[in-house]
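Report on the structure
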Amino acid sequence: MVSGCAAQNSVSSVLGTVEKDTVVVAMGPNSEPEAGFDPVYGWGAGEHVHEPLIQSTLTVTGKDLEIGYDLAVAVDASADGMLWTVEIRDDVRFSDGEKLTASDVAFTYNTVKAGSSVNDFTMLDHAEAVGDTTVLFHMSEPFSIWPYTMAVVGILPEHAYEPSTYGQQPIGSGRYLLRQWDRGQQVVLEANPDYYGEQPRMKRVTILFMEEDAAFLAAKAGQVDLAYTAASYADQKVSGYQLMAVETVDNRGFNLPAEYPGVFPEEDGVPVGSAVTGDLAVRRAINIGVDRQEMIENVLNGYGTPAYSVCDRMPWYNPASEVPYDPDAAARLLDDAGWTAGADGIREKDGVRASFHLLYPAGDSVRQALSADFSNQLAKLGIEAVLEGVGWDTAYDRALSEPLAWGWGAHTPMELYNIYHSRPEGESAVYSPYFNSRVDRYMDAALAADSLEEAYSLWKAAQWDGETGVTQQGDIPWVWLVNIDHLYWVRDGLRVAEQKVHPHGHGWSIVNNVDRWNWD
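Residues numbered from 1 in each chain as written. Predicted model: local features only at pLDDT ≥ 70, side-chain atom pairs only at ≥ 80, totals over all residues. Heavy atoms only, no water.

**Some thoughts on the packing of helix α5 (residues 292–299) against helix α7 (residues 365–380)**
- Viewed as axis vectors pointing N to C, α5 and α7 meet at an angle of 135°, and their least axial separation amounts to 10 Å. Classified by the angle their axes make, α5 and α7 are oblique. For the pair α5 and α7, the crossing hand works out as right-handed. Taking contact as the criterion, the partners of Glu294, Met295, Asn298 and Val299 in α5 are, on α7, Val366, Ala369, Leu370, Asp373, Phe374 and Gln377. (Axes fitted to C-alpha atoms, helices over the stretch in contact; angles between N-to-C directions. Helix = DSSP H or I, 4+ residues; strand = E, 2+ residues; numbered from the N terminus. Parallel < 35°, antiparallel > 145°, perpendicular 65-115°, else oblique. Left-handed = near helix turned anticlockwise from the far one by under 90°. Contact = heavy atoms within 4.5 Å.)

Below you can see the structure in the form of structure tokens.
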């Protein structure tokens, strides 16, 4: 990662006053929390996970996704995984002066379980406070990765929580206070003077919500200190700014329906399965026949890394997922499986043409460009992929029989579970036709493991255990293409603290540690 380091003061006010403890950050308009700053409705723990800043959490994740403590001082799980005991600090107060106790923690988790519209808390039966500093989490099923959940749920004040207003006027115990929110424009955070941890170096953080082009122009005009940007702007120069690239697990890939039509029943009349990608040889050929680095250079202007799984570089990643680019071997796989080129160069087998629609979300220019590149590469293998932009109202159904460009990447191995595990009824996985009972068993065992370390090994086995899994040697029901670097224009003199690998979503993750930023 590169950050600007030439000595220059922040000019964070409209009058140009030198302020070395303030920063102005431009984010995309989709980063503005629609329901406000309420953890019940996704703040910090929605699709794009980040630290809630305004609220404290029980645990935190470090640079390498290791678990650390925030409010917690001790965490223990019972032998059967059905009870988690968490001891918390006794020196924390909410911003209204009231003491934070175990009752607030239990209230938060019970409220989130009952009312969350964006997170699954079915693994939790209920939370219970025992005295002021002990919280018991009674689980409905073992869940070894509970510490990762505790890292994103901000703690609410039981005495002052009103669902209709809290999101706009949050009371928390985190590093920052919400001082101003002008919907559609900006959020202003100020350092919490009563914060129990190290005081933030940045005392005032202003977040502006801007479209990509507006954020770029704001950087060119010197109106922001840090602005998100896209690879399409990476060849530009902005006087007084450096381009910073942050590595991510914000990946893009395609599901490859891994069963033939008829294996799973149609769902409400929606076709399930593919006569082309249902063939294992086709899926394996696609995975090794795509030049990921070429995609990164041509579509992302060099700002990305090859993706081989949904969890590259995470503690639970299995490096057996990585494959070389080998178009000759891909062609041999197709030849040996009986897929022969027709008169127009497109392969056929038993009267089935190697052709399918390649879907991407309409309006997503990056996924469209990646899809076009992918289609061109598949054509060289003799596979026809017809591009089609679709809305999310139909995309989920269409993906049950056709490849769709997806974006994933999270700081929890539940991403693997959600993509590859079959539904409880023993049917196909949710997003694309796939079923492997051994993969299911590994993931179930991972959730029931006695420790995170044991769980990591089981998550890795689910990917590949030497005989089966979801990698190239196994079933390869998805093909992963690239992890997209998150790019930012950073004013010279602003030192952005070292970033952990960003998850999916080019938004609040950049300010996870804004309290540790400083100016030269």
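**Remarks on the sheet that holds strand β7 (residues 134–139)**
- Read from one edge of the open sheet, four strands run β4-β5-β7-β6, paired in antiparallel fashion. On the outer flanks of this sheet lie β4 (72–77) and β6 (124–130), each paired with one strand and no other. On average, each strand axis in the sheet is tilted by 15° relative to the strand beside it, whichever way the strands run.
- Both β4 and strand β5 (residues 83–88) contribute to a ladder of five bridges, which runs antiparallel. Its bridge partner lying in β5, Ala74 is registered against Glu87.
- Packed on one face of the sheet, helix α1 (residues 102–115) meets β5, β6 and β7 and runs near 165° to β6. (Pairing = 2+ DSSP bridges.)

**Some thoughts on the sheet that holds strand β14 (residues 304–306)**
- One open sheet accounts for four strands, arranged β14-β21-β13-β20; its pairing is antiparallel. Looking along the sheet, the strands with just one partner apiece sit at the ends: β14 and β20 (405–408). Averaged over neighbouring strand pairs, the angle between their axes works out to 30° when direction is ignored.
- Strand direction decides the pairing type here: strand β13 (residues 251–255) and strand β21 (residues 478–484), joined by five bridges, are antiparallel. Residue Arg252 lies in a different strand from β21, and its bridge partner there is Val482.
- Across the face of the sheet, α5 comes into contact with β14 and β21 while running at roughly 40° to β21.

**Topic: the packing of aromatic side chains**
- Using the criterion set out here, one finds 28 aromatic pairs in the structure.
- The interplanar angle of 85° and the centroid separation of 6.4 Å between the aromatic rings of Phe121 and Trp146 together place this pair among those described as edge-to-face. Linking Phe121 in the loop between α1 and β6 with Trp146 in helix α2 (residues 146–150), this pair joins segments that are 25 residues apart in sequence.
- On the basis of an interplanar angle of 70° and a centroid distance of 5.3 Å, the ring pair of Trp406 and Tyr431 is categorised as edge-to-face. You can see Trp406 sitting in strand β20 and its partner Tyr431 sitting in the loop between α9 (414–420) and α10 (437–447), a full 25 residues away along the chain. (Phe/Tyr/Trp six-rings, centres within 6.5 Å; stacked < 30°, edge-to-face > 60°.)

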